[in-house]
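Here is how the chains run, residue by residue.
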Amino acid sequence: MAFNHLPAAMHDALGPLSATPVTDSVPMATNHGPGRPPESGDSRPSPGTVLDRLTAGAGRAARITHTEHLPPRAGRHAVWPDRIRPEVINAIQLAGVDHPWAHQATAAEHALDGESVVIATGTASGKSLAYLAPVLTTLLEGSEAPNGRGTTALYLSPTKALAADQRRAVKALAAPLGNSVRPAVYDGDTPVEEREWVRQYANYVLTNPDMLHRGILPAHPRWSSFLRSLRYVVIDECHTYRGVFGSHVAQVLRRLRRVCARYGSDPVFLLASATAAEPASAAGRLTGLPVHEVADDASPRGEVVFALWEPPLTELHGEKGAPVRRTATAETADILTDLTLQDVRSVAFVRSRRGAELVSVIAQERLAEVDRSLVGRVAAYRGGYLPEERRALERALHSGELLGLAATTALELGIDVSGLDAVVIAGYPGTRASLWQQAGRAGRAGQGALAILVARDDPLDTFLVHHPEALFQQPVESTVLDPDNPYVLAPHLCAAAAELPLTEADLALFGPAVPELLPQLVTAGLLRRRTTGWYWTRRERAADLADIRGEGGRPVQIVEAGTGRLLGTVDEGASHTAVHDGAVHLHQGRTYLVKQLDLGDSVALVEEATPPYSTTARDTTAISVLETDTEIPWGGGRLCYGSVEVTNQVVSFLRRRLITGEVLGESKLDLPPRTLRTRAVWWTVTEDQLDAARVNPEQLGGALHAAEHASIGMLPLFATCDRRDIGGVSVPLHPDTLLPTVFVYDGHPGGAGFAERAFHTAREWLTATREAIASCECEAGCPSCIQSPKCGNGNEPLHKRAAVRLLGELLRSAPPPKTETPDPPDLPGPRTAEAGAEVTG
């Protein structure tokens with residue numbers, strides 16, 4: 001019997017962190033807009049004062065598990081390189097920037113020297129200006145060519161909204177330069193009549209990787225004059241290009257470089273990133289080029305007070321009688337309400353669109369109980385809004401008309417909302433980089449800021465609020481991507497061959513896996529080998545083989561049953577969990593129930609409804625080992641990494657009450673199984689290790705199952721993945737290993753690099769997993785430690801104490817870290833119980 005978990009198949013840090021206590025607080029942001037008159041003396045309460053007021057209510061202070069004080073930092077100015085045109089410097093000064101920060105000048109120098117560079121500094125540190133100064137200088141020089149377009153630049157962003165924002169910003173900054181700089185957005189929303197003008201006349205084109213992949217590169221002859229003059233490629237928010245999506249984008253960029261070379265250009269890449277570990281290395285993997293890094297943030301920062309907040313336990317009970325905490329959504333709504341009543345301008349970041357709407361609605365209801373005139377001071381902000389709606393919300397927040405905003409990550413990626421006093425983050429966003437990017441939305445004018453992380457009821461969030469050193473004393477994560485994944489590389493080789501026949505000289509550009517992959521593509525009839533190279537000979541568009549944001553396969557269309565209106569699509573790989581019969585589906589603020597999922601026609605029929613619950617799919621999984629790439633002895637057991645085949649089947653779904661998370665019921669589903677070939681990390685234990693851990697046969701299945709659930713929950717702390725990116729299986733006796741085994745695997749064909757990262761950080765990862773289980777206050781397991789809402793086995797069996805003993809014994813056998821390549825600092829050991837001891841909990 002297998003016990004498993006497979007969920008469905010995107011940040012700036014504030015610079016180097018310091019735990020030095022701050023005794024002198026600075027005022028919070030004071031940049032009042034016309035709709036918000038300044039208070040007496042134009043002063044705002046300090047972040048510490050705001051937090052004290054929040055925790056003044058009954059039982060509130062006990063919810064704060066830790067408060068971190070980050071001291072203010074002074075800025076360091078420099079001068080622009082003398083090769084920046086005086087007209088550009090004048091335009092920058094007219095925009096209110098008299099002198100650049102030191103990191104801006106350094107990045108501009110690299111760009112002017114023809115060196116690719118990544119700027120990895122904090123939120124509001126001026127990354128855009130760092131790359132725009134050399135780009136505008138080059139475009140100004142190019143405008144003096146006979147054709148008026150001697151040089152061009154390409155800007156890539158992960159979202160349409162960010163590209164549109166950047167166009168507005170560039171247009172305003174470059175206004176004093178006249179028609180020398182002609183920015184234009186080119187994406188799926190660009191009217192057909194405008195596209196030819198963009199191709200022929202725009203010299204700064206703003207687009208996204210999807211349009212580059214499907215629209216520009218396949219039609220490169222029509223873009224020949226633009227590509228021939230291409231001097232710079234700007235990649236904004238480059239830290240979002242991770243996992244499978246990042247691997248696809250890496251290959252799209254290699255195709256771009258190859259096509260540019262055909263037209264005689266060799267563009268310099270300018271990347272803007274959240275603060276990340278080894279940004280130059282990550283940028284190099286993304287672009288395939290050597291990249292210089294600028295990571296010393298010279299911009300000023302005000303005092304930051306960062307509180308970790310754990311919602312209280314309720315009187316409700318979950319599965320198997322487990323205790324249930326108040327939801328992060330309800331707790332965040334209460335905090336947003338109190339901040340609004342304090343006249344504190346705030347944003348609450350919520351992971352889902354539905355969650356953002358819920359926080360807004362709950363806050364409005366609470367405010368109405370106090371003063372109905374305050375209801376309009378809080379709103380929701382998420383993807384799916386029209387551009388004019390987004391702009392109106394941003395203006396209202398700038399002016400002070402709005403005091404509180406419940407937002408998804410649509411607000412996180414660089415859209416300009418400044419002058420906030422506080423940020424509330426409903427649940428750990430998955431990476432430290434994203435956490436700091438969201439927190440950095442407050443105090444963006446160098447003023448003091450308050451940030452609060454509200455923990456969800458899951459292992460990782462619970463661990464973090466009780467182990468602040470894992471947030472504040474650890475570097476941000478490395479960006480994980482694997483461009484050599486054959487499932488990613490193969491369709492891009494076909495697309496490249498369709499753009500220009502592949503030659504022997506091209507192979508090194510696409511990586512070491514190409515020589516082995518090309519014969520397979522020829523055998524499959526996708527490419528044809530000739531003496532001059534490899535050719536695409538089919539009628540279909542080769543670019544359509546790669547869905548760079550999805551899993552491939554035919555997308556499932558979501559159709560409103562009564563009207564036939566197409567609401568959207570969902571990847572085929574995610575359809576079983578997202579739009580199964582009875583699923584709750586949210587679209588642009590409206591809630592729908594799925595009446596029927598027709599897999600044959602790839603259609604999900606939905607009807608508008610207002611159910612008082614959400615739905616969560618559950619599945620079962622079997623796994624087989626195809627190949628073991630590497631293994632390390634851990635005592636008698638082994639830690640392994642390699643290729644596996646996973647067979648997964650969605651079997652049921654839970655209905656949960658919206659506010660409390662209470663389970664209302666479970667319904668069975670009849671869906672076909674699906675097979676996935678991917679990469680996994682797994683570990684085995686021997687009978688001697690089980691004896692040493694005092695785990696008997698009756699406890700074994702529950703111990704492995706509990707360790708599997710918790711380890712999946714903790715992996716995002718060590719790899720830049722979401723819990724939905726990975727799956728797991730635990731088996732008391734696996735037929736391939738002939739031992740008790742726990743598997744954790746990438747939920748993407750061919751792998752995404754997450755399991756490999758887990759293998760290389762296994763000691764720290766499993767230490768944190770053991771600590772998360774051992775330090776939980778519950779008696780026998782709960783959602784904060786070992787229960788998973790997606791478990792297809794109904795969280796049966798689980799054995800908390802045996803899991804702690806088993807992991808303790810396994811870690812005792814782990815080899816020490818290699819001295820020549822030291823591991824990251826260990827997380828502290830368990831505080832509740834010694835390794836192998838019973839948890840008294």
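Predicted model, so just to flag it, every value in this text is computed and none were measured.

The next point concerns the nonpolar core. The biggest cluster of nonpolar side chains holds 90 residues, and the ones touching the most others in it are Phe306, Trp683, Leu715, Leu717 and Trp765. Here the element with the most residues in this core is helix α21 (residues 697-714); it accounts for eight residues. Judged by nonpolar contacts, the second largest core, of 38 residues, contains Tyr186, Ala202, Leu217 and Leu289.

Here the chain shows a mean pLDDT of 86. Residues at 70 or above account for 89%. Within the model, the stretch residues 1-42 combines pLDDT values under 50 with 169 contacts to residues more than four positions away or in other chains. Within the model, pLDDT remains below 50 along residues 819-841, and this stretch shows 52 contacts once partners closer than five positions in the same chain are excluded.

For the rest of this paragraph, the subject is the pairing of strand β6 (residues 204-207). Residues Tyr204 and Leu206 point to one face of β6 and Val205 and Thr207 to the other, with burial holding for every one of them. Note that strand β4 (residues 152-156) and β6 share four bridges and pair parallel. The residue bridging Leu154 from the neighbouring strand is Val205, located in β6. Relative to β6, strand β5 (residues 183-185) is paired through three bridges, and the arrangement is parallel. If you follow Pro183 over to β6, its bridge partner there is Tyr204. As a crossover connection, the stretch from β5 through helix α6 (residues 192-201) into β6 is right-handed.

Right, let's get into the side chain of Ser346. Examined against the element boundaries, Ser346 turns out to sit in strand β13 (residues 346-350). Ser346 sits in the buried class, given a relative accessible area of 0%.

Looking now at helix α3 (residues 102-112). Among the 11 residues of α3, nine are classified as buried, and the element is accordingly described as predominantly covered. If you check which residues of α3 are buried, you get Ala102, His103, Gln104, Ala105, Ala107, Ala108, His110, Ala111 and Leu112. Elements in contact with the buried residues of α3: β3 (117-120), α4 (127-142), β7 (230-235), β8 (268-273) and β9 (292-294). Positive phi shows up at Gly114, right after α3, with a value of about 80°.

With mixed pairing, seven strands are arranged side by side in an open sheet as β2-β10-β17-β16-β13-β15-β14. Both edges of this open sheet fall to β2 (64-70) and β14 (378-381), since each of them pairs with a single strand only. Averaged over all pairs of adjacent strands, the angle between their axes in this sheet comes to 15°, without regard to strand direction. Bridge count between β14 and strand β15 (residues 404-407): four bridges; the pairing is parallel. Among the inter-strand pairings, Ala380 is bridged to a residue of β15, identified as Ala406. The sheet contacts of helix α1 (residues 47-54) involve β2, β10 (304-309) and β17 (449-454), and relative to β17 the element is tilted by about 40°.

Quick look at the pairing of β8 now. Counting buried positions along β8 gives six out of six residues, so the element sits mostly inside the fold. Residues of β8 alternate between two faces, with Val268, Leu270 and Ala272 on one and Phe269, Leu271 and Ser273 on the opposite face, all of them buried. In this sheet, β8 lies alongside β3 in parallel orientation, the contact comprising four bridges. Each bridged residue has a counterpart across the sheet, and for Ile119 the counterpart in β8 is Ala272. Two strands pair when backbone bridges link them, and β7 and β8 are joined in this way by four bridges, in the parallel orientation. By the bridge assignment, Val234 is partnered in β8 with Leu270. Chirality of the crossover, the property in question, places the unit of β7, helix α9 (residues 243-262) and β8 among those that are right-handed.

Here we take up the packing of α21 against helix α23 (residues 762-774). Here α21 crosses α23 at 115°, and the two axes come no closer than 9 Å. The angle between α21 and α23 falls in the class roughly perpendicular. Classified by chirality, the crossing of α23 by α21 is right-handed. In this structure, α21 contributes Ala706, Ala707, Ala710, Ser711 and Met714 to the contact, and α23 contributes Trp765, Leu766, Ala768, Thr769, Ala772 and Ile773. Each residue belonging to the contact of α21 with α23 can be placed in one class, and the counts come to nine nonpolar, two polar and no charged.

Attention now goes to the environment of Gly637. Here Gly637 is to be found in strand β26 (residues 637-657). Taking the relative accessible area as the measure of exposure, Gly637 reaches 0% and is therefore buried. Distance from Gly637 to Thr686, taken between C-alpha atoms, is 5.6 Å for residues 49 residues apart in sequence. Each residue touching Gly637, except ones within four places of it in the same chain, is listed here: Ile632, Thr684, Val685, Thr686 and Gln689.

Pairing is mixed in the open sheet, where five strands are placed in the order β21-β20-β24-β23-β22. The sheet is open, and its two borders are formed by β21 (566-570) and β22 (584-587), each paired with just one other strand. Strand-to-strand, the axes of this sheet are offset by a mean angle of 35°, without reference to chain direction. As paired strands, β22 and strand β23 (residues 590-598) are joined by four bridges and run antiparallel to one another. In the strand pairing of β23, His585 is matched with Tyr592.

Let us now look at the environment of Val359. Here Val359 shows up in helix α12 (residues 353-370). Each C-alpha atom of the pair Val359 and Glu331 lies 8.9 Å from the other, and the pair is 28 residues apart in sequence. Setting aside residues no more than four positions away along its own chain, Val359 makes contact with Thr329, Thr332, Ala333, Leu336, Val350 and Ala406.

Here the focus is the packing of aromatic side chains. One pass over the full model with this rule turns up 10 aromatic pairs. Their ring planes at 70° and their centres at 5.5 Å tell us that Phe306 and Phe472 sit as a pair that is edge-to-face. In this pair, Phe306 sits in strand β10 while Phe472 sits in helix α16 (residues 469-472), placing the two residues 166 residues apart along the sequence. Each member of the pair, Phe306 as well as Phe472, carries the same accessibility label: buried. Each residue in the set Tyr186, Trp223 and Phe226 is aromatic and connected to the rest through ring pairs, giving one cluster. In this structure, Arg262 is placed above the aromatic ring of Tyr263, and the distance from its NZ or CZ to the ring centre is 5.2 Å.

Basis of the calculations
Residues numbered from 1 in each chain as written. Predicted model: local features only at pLDDT ≥ 70, side-chain atom pairs only at ≥ 80, totals over all residues. Heavy atoms only, no water. Core = buried A, V, L, I, M, F, W, Y, C linked by side-chain atoms within 4.5 Å. Buried < 20%, exposed > 50% of the residue type's maximum accessible area, 1.4 Å probe, protein only. Helix = DSSP H or I, 4+ residues; strand = E, 2+ residues; numbered from the N terminus. pLDDT = per-residue confidence, 0-100. Contact = heavy atoms within 4.5 Å. Pairing = 2+ DSSP bridges. Right-handed = clockwise from strand over helix to strand, strands pointing away. Axes fitted to C-alpha atoms, helices over the stretch in contact; angles between N-to-C directions. Parallel < 35°, antiparallel > 145°, perpendicular 65-115°, else oblique. Left-handed = near helix turned anticlockwise from the far one by under 90°. Nonpolar A, V, L, I, M, F, W, Y, C, P; charged D, E, K, R; others polar. Phe/Tyr/Trp six-rings, centres within 6.5 Å; stacked < 30°, edge-to-face > 60°. Lys NZ or Arg CZ within 6 Å of the ring centre and 35° of its normal.

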